[in-house]
Every structure is written in C-alpha cells, then in structure tokens.
Amino acid sequence: MKKFSVRTRVYSGVGSLEYLSRFKNRKVWIVCDEFLASSTMFERLQGLLSDNEVTVYSNITSDPDITVIAKGIESLWAAKPNIIIGFGGGSAIDAAKAIRFIIERNESLNLDCCIAIPTTSGTGSEVTSATVISDNKRGIKYPIFHPDIFPDIAILDPELVLTVPPHITANTGMDVLTHAIEAYVSSESNEFSDALAEKAVWNVFQYLEGAFKNSECIVRRTKMHNASSMAGMAFSQAGLGLNHAIAHQLGGQFKLPHGLSNAILLPHVIRHNAKDAKTRKRYAKLAKHCLIASKSTNDITATNQLILHINQLARKLKINMSLRRHGISESALRQKLPDIIAATHNDSTIATNPAPTNDNDIKRILEAAL
Ligand SMILES: NC(=O)c1ccc[n+]([C@@H]2O[C@H](COP(=O)([O-])OP(=O)(O)OC[C@H]3O[C@@H](n4cnc5c(N)ncnc54)[C@H](O)[C@@H]3O)[C@@H](O)[C@H]2O)c1
Ligand SMILES: [Zn+2]
C-alpha cells in the first residue's frame, strides 16, 4: 500500500500575496532573515497585514542553527501569535516550521494557521513535511520529517523571486532538480509523486536557464516557483536519497550552500544508483519523458544522456561542479571523510535511496566530485 496526502493549501500566481489582506485583528509573527526584513517585499507584506499586530523575528541565518531555533521559541512565546508566517528561502521557512513543531509537541498554541511564503524557488519547504536544522558546533544538519511539520498554507507569488541573484537562482534551481529526481527514483515513489516529479524536472529543464539569464522574466520565474513546490510535494511523499544524505554533510562540515552541494553530487549519485538495473530504467524513463533521450535508446545510454544534460545545464548556469573550486581541499575532505560517511548513513533521507550504498561508494562519489 502506498500513501499520498496533500496537507498544504496552495495559492499561486502573480498577486497571490494579496491573500494576506483578509486577516484582521490577529497577532501575526513573521520569521525571516535580516535581508528580507529590510527589503521592499517586506514592506509589501506589512502593508497587507496593516490591520493586525505584527511581530518580527529576523535572526534567521542560512542553514538555521539550533541556537537560532531556541531564540525563536522565546520570541514566539513573547508574541503569542494566532498566525505564523515563514517568509524567505528554505532557511526562514524551515525555522518557522521547526519552532512551531517543537512548541506544539508540548503546548497548545491557539494558532489559526502557519503560512509559508517562499522567496527562493528551491527547497519546496512551503509544502513539505520536512525541516532541516543545523548543529554548527558539531557540523551536522538534521533533516526532520513529520506530518505535523507541513505548513497549513503556501503562497507562491513569483514576484517575490524576481530579485534572487543569478548564483542563488542557479543553486536553488538545481535543488529543485535534485528533489524531483531523487523522489522519482525513490523506493517509495508512486504514480502521484511521479507525476509531480516529472513535471518539476520538465520545468527545470525548460525554464531554469532562462530564469538565470533573464531574472526579471515573470513567466520563467513562475514556472520555476511552481516546479519548486511540485518537487517538494513529490519528495514529501516519496522521500529523497543518497544525494541529499551526502549534501547535508557538505553543508554541515564545509558550509557549502545546499543547492550547490546537491548540484555537484547529482551526476555522481546518478552514476552510482544506475548500477542497479531497476533504478537505471527509472532514470532512462525520465530522460525519455523530458525528450533528452529518444524512445528507442537503451537504459544505459539514456541515463548517460541525462547525466550529460545535467552537466551541460550546470555549465550554462555557471556552476563549477568541483568541490575543490569551492574551497574544499583533498586533505580537508580526507580528514572529515570518516565523520561524513558515518553521518551520511545516519541521515534520514538515505532510507529511500533506491540502490544499496556502502562506505566505499560514498568515498568514491566524494572523490569523483572533488
Ligand atoms: N524543508 C525542506 O523541505 C527543505 C528542502 C531542501 C532544503 N532545505 C533547507 O533549506 C535551506 C536552504 O534554503 P534556500 O536554498 O532557499 O536558501 P536560504 O533560505 O538560506 O537563502 C539563501 C540566500 O538567499 C537570500 N534570498 C532569499 N530570498 C531572496 C530574494 N527574493 N531576493 C534576493 N535574495 C534572497 C537569503 O537572504 C539568503 O542570503 C537549507 O538549510 C536546506 O537544508 C529544506
Ligand atoms: Zn534539497
């Protein structure tokens, strides 16, 4: 038996932020980072919420650390809100979701709703049951999955991503691609998650390069914003895999941005997983669905064409696909390797990877990515 449940109500399209104007006389607590708090987008948000009492917790940093979450819990207690809004990239939304989840484990919050408003097109966190919290002292990122973590409402307004700079558009876009591909080959994939994953991969291959080159194109931004949520819905149901399990370690140990870690690993993880014939068939099917490979191509060739296509896309997005070029030396990697391998096996996302993986496989993937 397979399960698929949709928890988050999604409002999408240009102007969907206006949804917020229906709230009156509520206590609203907004979680974001300093950059977003001082942006014109935030002014717009506040304008729409002007009939409410608004408090802001703007201490969020990229890959939020447990100390940021602990301070957020204090801030939320002081605000006693009816509405929580996570406003920003995956980091701000994850923090809002984690704070709400931790408190609601123990106390009743009297909440009307928790709203996620993404300003990057990447993590899909606005529709997922996941939150990723870092322990910076130990260099570990903890992905937590739980049905109570889903936001109640997601607002996908593409106007909010028009200001995302090209390198973040590239990295976060490759995160979307990784979510969709991992969900598609996951051991828990099903026809519903496949449909969302296929569409997300299609949108990335069609529109990411254009959104990167022409950042103000609302059509391409909309396609990528929707793809991000579709990939999030897919992996929330089907799970992720080895790519994310290793990427979390690169983020935890070396502070490599999440989407960039995923992008660099993706060709190597596909090559590893494709040793399994059933998984190779899935990659080949996806390549054919996206018209990267022709219908008559055999699975090995179609999978290689998928890998080639990903590498070509990365080049067009000016992503350097080598860990060394991002400051991770061979000696630093070797020194951390035992910890990285152990933590990769412990990372919850590896559970749905379709192919078996041992210590040597992880070592080989990282060496290939160097
Ligand atoms: N919960 C999930 O389902 C899930 C899935 C994947 C990743 N994650 C986590 O999400 C985090 C990464 O999120 P992210 O990739 O969105 O990055 P992020 O939230 O860390 O943001 C990256 C940078 O982009 C800036 N930014 C955000 N919106 C902007 C805008 N509109 N214009 C200009 N700059 C903007 C931010 O200020 C920040 O400096 C990681 O911690 C990762 O592990 C969570
Ligand atoms: Zn991700």
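Residues numbered from 1 in each chain as written. Chains lettered and ligands numbered in written order. Predicted model: local features only at pLDDT ≥ 70, side-chain atom pairs only at ≥ 80, totals over all residues.

S.K.: Kindly report on the overall build of the protein, identifying the contributing residues and their values.
M.R.: If you tally the helices and strands in the protein, you get 13 helices and eight strands. Whereas a compact globule of 370 residues would reach a radius of gyration of roughly 21 Å, the protein reaches 20 Å, a difference of no more than 12%. Counting all 370 residues of the protein, 52% fall into the buried class. Sequence-distant contacts in the protein: of pairs separated by 6 or more residues, those separated by 24 or more amount to 78%. (Helix = DSSP H or I, 4+ residues; strand = E, 2+ residues; numbered from the N terminus. Rg over C-alpha atoms; globule rule 2.2 N^0.38 Å. Buried ≥ 20, exposed ≤ 12 C-beta atoms within 10 Å, placed from the backbone. Contact = placed C-beta atoms within 7 Å.)

S.K.: Give a description of the domain arrangement of the protein that names residues and reports values.
M.R.: Taken domain by domain, the protein consists of domain 1 (9-161) and domain 2 (166-369). When each unit is reduced to the centre of its C-alpha atoms, the spacing between domain 1 and domain 2 is 26 Å. Contact residues are listed per partner, giving 26 residues for domain 1 and 28 residues for domain 2. Sorting the residues of the side of domain 1 that touches domain 2 by element identifies strand S1 (9-12), strand S6 (130-135), strand S7 (140-145) and strand S8 (153-156) as the ones contributing at least two each. The dominant element in the side of domain 1 that touches domain 2, judged by the number of residues it contributes, is S7, at four residues. Partitioned by chemical class, the residues of the side of domain 1 that touches domain 2 number 12 nonpolar, 11 polar and three charged. (Domains from an automatic or database assignment. Nonpolar A, V, L, I, M, F, W, Y, C, P; charged D, E, K, R; others polar.)

S.K.: I'd like a description of the packing of helix H5 (residues 166-185) against helix H10 (residues 277-289), backed by residues and values.
M.R.: It is the contact of H5 with H10, at a shortest axis distance of 9 Å, that shows an interaxial angle of 130°. Put simply, H5 runs oblique to H10. Every pair of crossing elements has a handedness; the one defined by H5 and H10 is right-handed. Residues Ile181, Tyr184 and Val185 of H5 lie in contact with H10, whose contacting residues are Thr279, Arg282, Tyr283 and Leu286. Across the contact of H5 with H10, the residue classes tally to five nonpolar, one polar and one charged. (Axes fitted to C-alpha atoms, helices over the stretch in contact; angles between N-to-C directions. Parallel < 35°, antiparallel > 145°, perpendicular 65-115°, else oblique. Left-handed = near helix turned anticlockwise from the far one by under 90°.)

S.K.: Break down the site of ligand 1 for me, with residues and values.
M.R.: Around ligand 1, the structure places 32 residues, and the nearest of them are Ser62, Gly89, Gly90, Ser91 and Thr119. Counting only elements with at least two residues in the shell around ligand 1, the list comes to helix H1 (34-37), helix H4 (90-106), S6, H5 and helix H9 (258-273). By residue number, the principal contributor to the shell around ligand 1 is H4, which donates four residues. Taken together, the residues that form the shell around ligand 1 break down as nine nonpolar, 18 polar and five charged. When residues are assigned to domains, the shell around ligand 1 turns out to be shared by domain 1 (9-161) and domain 2 (166-369), each giving three or more. (Near = placed C-beta within 6 Å.)

S.K.: Explain the environment of Arg280 residue by residue, including any values.
M.R.: With respect to the element layout, Arg280 can be found in helix H10. Along the primary structure Arg280 and Cys114 are separated by 166 residues, whereas in three dimensions their C-alpha atoms are 39 Å apart. Beyond its immediate chain neighbours, meaning those up to four positions away, Arg280 contacts Ala274, Asp299, Ile300 and Thr303.

S.K.: Pulling in residues and values, what's your account of the nonpolar core?
M.R.: With 107 residues, the main nonpolar core has Val31, Ala180, Ala200, Ala231 and Ala234 as its most contacted residues. The two domains that each donate at least three residues to this core are domain 1 (9-161) and domain 2 (166-369). The residues touching Val31, leaving out its near neighbours within four places in the chain, are Tyr57, Ile60, Gly72, Ile85, Gly86, Phe87, Ala92, Ala95 and Ala96. (Core = buried A, V, L, I, M, F, W, Y, C linked by C-beta atoms within 7 Å.)

S.K.: Provide a residue-level description of the pairing of strand S5 (residues 113-118), including the pertinent values.
M.R.: Counting buried positions along S5 yields five of six residues, so the element is predominantly enclosed. The sheet contact formed by strand S4 (residues 83-88) and S5 spans six bridges and is parallel. When the sheet's bridge partners are listed, Ile83 is paired in S5 with Cys113. Sheet analysis places S5 next to S8, joined by two bridges and oriented parallel. Residue pairing across strands places Ala116 opposite Ala154, the latter belonging to S8. (Pairing = 2+ DSSP bridges.)

S.K.: Tell me about helix H8 (residues 242-254), and please be specific about residues and values.
M.R.: Between the first and last C-alpha of H8 there are 18 Å, a value that for 13 residues agrees with the 18 Å anticipated at 1.5 Å per step. For H8, the set of buried residues is Leu242, Asn243, His244, Ala245, Ile246, Ala247, His248, Gln249, Leu250, Gly251, Gly252 and Gln253. Contact partners of the buried residues in H8: S6, S7, H5, H9, helix H12 (330-346) and helix H13 (359-369). (Expected span 1.5 Å × (residues − 1).)

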